[in-house]
Amino acid sequence: MHPPLPVSPVWRRPVSPIACRFTEGDVDLVVVGAGYQGLSTALHAARLGLSVQVIEAGDIGAGASGVNGGQVIPGLKQDPETLISLFGDEAGKRLIRFAAKTADVVYDLIGREELDVEHVRSGWIQAAHTEAALQAAGQRNRQWRAQGADVALLNQAEIALLTGAEGYRGGFLDRRAGVVNPLALVHELARIATEAGAGLVTEDPVTSLVRDGTSWRVGTKGGRSIRARKVLLATNAYSGPLLPKLAQSLVWLHSFQIATEPLPAEFDIILASGQAVSDSRRILVYYRRAPDGRMVLGGRGPMRPPRSTEDWAHLERALHRLYPMLSGIPISRRWFGRVAMTSDHLPHLHEPQPGLLMAAGCQGRGIGLMVSLGEPIAQYVATGDPGVLPLPISPLRGIPLHPFRRIGIAAHVAWYRLLDGVER
C-alpha cells in the first residue's frame, strides 16, 4: 500500500456550485461529458434554441479539462502548407482559418461573458533545442506569417531573454496564444451553459446508448433515462466501453505536472513577460509561471497511475536542467491527467451512426480547439449541414493491435528519451 500522494493542481480553488438539473422527456441533444467540448457545444446549442442535457460521469473538470497545463495555443500540430496538402485547397484553407482563431475564441469568450477565469495573453514559445528544430521553427514562422498571424522567429539571445532558460538555439513565438486557469474555465463554461438553459447532471456515468427509431435512448448508472434526437460523445481521452471503437481510435497518454513553491523576487527574470513554453524535444516539456509566482512544468509520465513522488522525478530533472538556479526550490504540487492523441496527429470528427457525434484528439491544443469546436458542432446539430464544420466527418477506425499500444508507447518513450539525451 502506497501512502497518499500530494496530487493537487496549483489552480485548485473554491468555485461556486453549479445548479444541476435533469430534463425529463425528450431533448434535441444529449452531451456525454462536461469538459470543454461538451460544455461549449451545450452552450451554443442552447442559445440556438435547442433542448440540451449534459451528463458527466464525475465532477466538472475531473478529466483533462481540469488538470491540463492551461496553455491556449492556436493552430494545429501541422503547419498550413501540410494541411492544404492533406485536405486540398478549399478544405485546407477552411481548416487553417478555423485553427488560426481558436485562441481568439477562448479569450473573446472570457471577455464577452465576463468569465471569472485568471488569464494572460502574452504568447507561446516553441523553444528549439537543436539546429534542426530551429530550422523547423523558421518554416512554421514563414507559413503562419503568410497567413497574417502575429508570430516571430527568435534567435538565441532573444529566447534566452524571454525564458531565462539555458540551452535553446532559438524558437517560434506565437503572440496569439496565452494561458488560462483551466479548471476555472471549465467551471465557468458549465455556469453559462446552464444559465442558457442546458440541463447538467454530474457523478452519474452513462452506461447505455441505444438507437431507438430515429432517436437515441441514453441510460445512466443512477437509473436516469432520456431520449434524444442527437448525442455528442464528448469523452475524448476518457472514452471507454460506451463506444469501444472510439477508445480504440485514440492513443492516450498520461501527462504529469509539478509546481514549485512561489519563487522569490530574485527569479523574476524567469519568463518575465509571461509567455508559456513548450520545447522541441521528442518527449517535450511545457511550462509557465502561475499567477502566484510558482513555476509549473509538465511532460509525459508513466502509462500507469503514479505510485510515488519518484514518478515525477524526471520533471524535476528537466526543470533543473533548464533552470539550475531553482535546484533548491521545493516542489509543492504534483498531479497528472490523461490526454488523447490520434495516429495522424489531427483532430477527428466522427458520426458512425446517424445522430451520434464525436470530436477527438487534441495533440496538446485542447483548450482552444475544443472550446472552438462547440459552436460549429452545435450548428451541425441544429441544421444537419456538414458545411458548417471546420473538418470533414471521417470514418471511425480503431488502431490496429490497439490492446498492445501501451507496450509500444512505453518503448517509444524510452527510445525518444534516449535520443533527446544524446542531442542534449
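Because the structure is predicted, anything quoted here is derived from the model rather than measured.

## What to know about the overall build of the chain
Inference 1: In terms of helices and strands, the chain carries twelve helices and 19 strands.
Inference 2: Taken over the C-alpha trace, the chain has a radius of gyration of 21 Å; the compact-globule value for 424 residues is 22 Å, and the two agree within 12%.
Inference 3: Projected onto its principal axes, the C-alpha positions of the chain cover 65 × 55 × 45 Å.
Inference 4: A buried classification covers 56% of the 424 residues belonging to the chain.

## Here's the deal with the nonpolar core
Inference 1: Within the largest apolar cluster, 75 residues are counted, with the highest numbers of intra-cluster contacts made by Val-52, Val-180 and Leu-185.
Inference 2: Top contributing element to this core by residue count: helix α11 (residues 366–383), with nine residues.
Inference 3: If sequence neighbours within four positions are ignored, Val-180 has contacts with Gly-70, Val-72, Val-106, Tyr-107, Ile-110, Val-117, Glu-118, His-119, Leu-185, Arg-288 and Ile-367.
Inference 4: Grouped together as the second largest cluster of nonpolar side chains are 28 residues, Ile-159, Leu-162, Ile-270 and Met-295 included.

## Notes on the confidence of the model for the chain
Inference 1: A residue-level look at the chain finds 91% of positions with pLDDT of 70 or above and a mean pLDDT of 90.
Inference 2: Counting interchain partners and residues more than four positions distant, the pLDDT-below-50 stretch residues 411–420 has eleven contacts.

## Let's talk about the pairing of strand β7 (residues 170–174)
Inference 1: For β7, the tally of buried residues reaches five of five residues, placing the bulk of the element in the interior.
Inference 2: Across the two faces of β7 the burial is the same, with Gly-170, Phe-172 and Asp-174 and Gly-171 and Leu-173 all buried.
Inference 3: Looking at chain direction, strand β6 (residues 151–154) and β7 are connected through four bridges and run antiparallel. Looking across to β7, one finds that Ala-152 is bridged to Leu-173.

## As for the sheet that holds strand β14 (residues 276–279)
Inference 1: Spatially, the eight strands line up as an open sheet ordered β6-β7-β5-β14-β15-β16-β13-β17, and their pairing is mixed. Both outer strands of the open sheet, β6 and β17 (331–341), are each paired with one neighbouring strand and no more. Taking each pair of neighbouring strands and ignoring which way they run, the sheet shows an average axis angle of 20°.
Inference 2: In this sheet, β7 lies alongside strand β5 (residues 124–128) in antiparallel orientation, the contact comprising five bridges. Looking at β7, one finds that Ala-128 is bridged to Gly-170.
Inference 3: Together, β5, β6 and β7 form the strand contacts of helix α6 (residues 131–146), whose direction differs from that of β6 by roughly 160°.

## A closer look at the side chain of Thr-260
Inference 1: By secondary structure assignment, the location of Thr-260 is in strand β13 (residues 251–260).
Inference 2: Leave out the neighbours within four places in its chain, and Thr-260 touches Arg-294, Met-295, Leu-319, Ile-329, Pro-330, Ile-331 and Ser-332.

Criteria and cut-off values
Residues numbered from 1 in each chain as written. Predicted model: local features only at pLDDT ≥ 70, side-chain atom pairs only at ≥ 80, totals over all residues. Heavy atoms only, no water. Helix = DSSP H or I, 4+ residues; strand = E, 2+ residues; numbered from the N terminus. Rg over C-alpha atoms; globule rule 2.2 N^0.38 Å. Buried < 20%, exposed > 50% of the residue type's maximum accessible area, 1.4 Å probe, protein only. Core = buried A, V, L, I, M, F, W, Y, C linked by side-chain atoms within 4.5 Å. Contact = heavy atoms within 4.5 Å. pLDDT = per-residue confidence, 0-100. Pairing = 2+ DSSP bridges. Axes fitted to C-alpha atoms, helices over the stretch in contact; angles between N-to-C directions.

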